[in-house]
Amino acid sequence: MTTLRMAAVAAEFGRDLEEDFATAERLIKEARAEGVRLLALPEACLGGYLLSLDDDGEVDEGPPALALDGPEIRRLACLAGDMTVVAGYCEAAGDARYNSVVCVNGDGVLGNHRKVHQPLSEDASYASGDRFHAFDTPVGRIGMMICYDKAFPESARALALDGAEIGVVVSAWPGSRTNAATDLADDRWKRRFDLFDRARALENQIVWISSNQAGAFGSLRFVGSAKVVDPGGEILADTGVEAGLAVAELDVAQALETARRSMGHLRDRRPETYTYAGASRT
């Protein structure tokens, strides 16, 4: 039996890159001390997220834009060393900026994903990605998503069909903007966050690692709730709404085989039936 020890982070990150790297380094060291080989840091952990998702005229220059082949990503890879680390950042690509997530280890970049689905006014700050793909790493075949991407079943399904054994979703998921709960644990947007995590793992029968920002930034109050979910949709580890590490150990290959043995959701698909009357419409 070959087990993988993995962890999802709930933590607070802001605009100051040096502070962000100090936080990332501390979390990587903490995870390494616990034997973690795959670590997911949150969306926008290098440079912070947006101050608001409302189109309220608030001036926000946004996080610093970093090149995928630039010194900051190389610095992250150096911190990762023999660990596989996933982290969100603002990607500079020509004149465009993307809300992106990168997967690195000491050898460099293993994979990169640009957020496809943009909620509320996020498209005013970022261009949109255009694909989902899985890629091989020393800890298994991984597929990555960012926050709102997980609200769309097609995102995780595309990754699972591309052979992803582990889905990693990084988020800056806030609490509800209206009728906000005093206690984040009772927040309706937190419930959605948790439901999406469990549903995406279960319907695709893959291991699921979900990181999130914690604390507050601008007008946003984040729900934390980093977690590891097994292919049956059961939560193996969860930080709750507080900052922390959700650490779990699992034989990924065995877990996938067991989950898919009787009812294989990917195997039993019937794509020819998945049509509707308006299929030709955009």
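It should be noted that the structure appears before, not after, this text.
Here is a short report on the structure shown in this document. (Residues numbered from 1 in each chain as written. Predicted model: local features only at pLDDT ≥ 70, side-chain atom pairs only at ≥ 80, totals over all residues. Heavy atoms only, no water.)

On to the overall build of the chain, then. Per the secondary structure count, the chain includes 5 helices and 15 strands. A globule of 282 residues ought to have a C-alpha radius of gyration of about 19 Å, and the chain, at 18 Å, matches this closely. Across the 282 residues in the chain, those meeting the buried criterion constitute 54%. Across the chain, every contact between residues at least 6 apart in sequence was considered, and the portion connecting residues at least 24 apart equals 66%. Looking at the chain as shown, the accessible area adds up to about 12,500 Å², and 49% of this sits on carbon and sulfur atoms. (Helix = DSSP H or I, 4+ residues; strand = E, 2+ residues; numbered from the N terminus. Rg over C-alpha atoms; globule rule 2.2 N^0.38 Å. Buried < 20%, exposed > 50% of the residue type's maximum accessible area, 1.4 Å probe, protein only. Contact = heavy atoms within 4.5 Å. Areas by Shrake-Rupley, 256 points an atom, 1.4 Å probe, with all protein chains shown as cover.)

Before going further, it helps to examine the pairing of strand 6 (residues 108-114). As judged from the 6 bridges shared by strand 5 (residues 96-105) and strand 6, these two strands associate in the antiparallel manner. Within strand 6, the residue paired with Ser 100 across the bridge is Arg 114. Here strand 5 folds back onto strand 6, and the loop between the two strands holds 2 residues. (Pairing = 2+ DSSP bridges.)

For strand 10 (residues 207-213), the buried fraction is high: 7 of the 7 residues fall into the buried class. Judged by which residues are buried, strand 10 turns out to be covered on both faces: Val 207, Ile 209, Ser 211 and Gln 213 on one side and Trp 208, Ser 210 and Asn 212 on the other are all buried. With 2 bridges joining them, strand 1 (residues 4-11) and strand 10 adopt parallel strand pairing. Bridging across to strand 10, Ala 11 finds its partner in Gln 213. The handedness of the strand 9 (residues 166-171) to strand 10 crossover, carried by helix 4 (residues 188-204), is right-handed. Where strand 10 and strand 13 (residues 227-229) come together, 3 bridges link them in antiparallel fashion. In the sheet register, Ser 210 faces strand 13, and the bridge partner there is Lys 227. (Right-handed = clockwise from strand over helix to strand, strands pointing away.)

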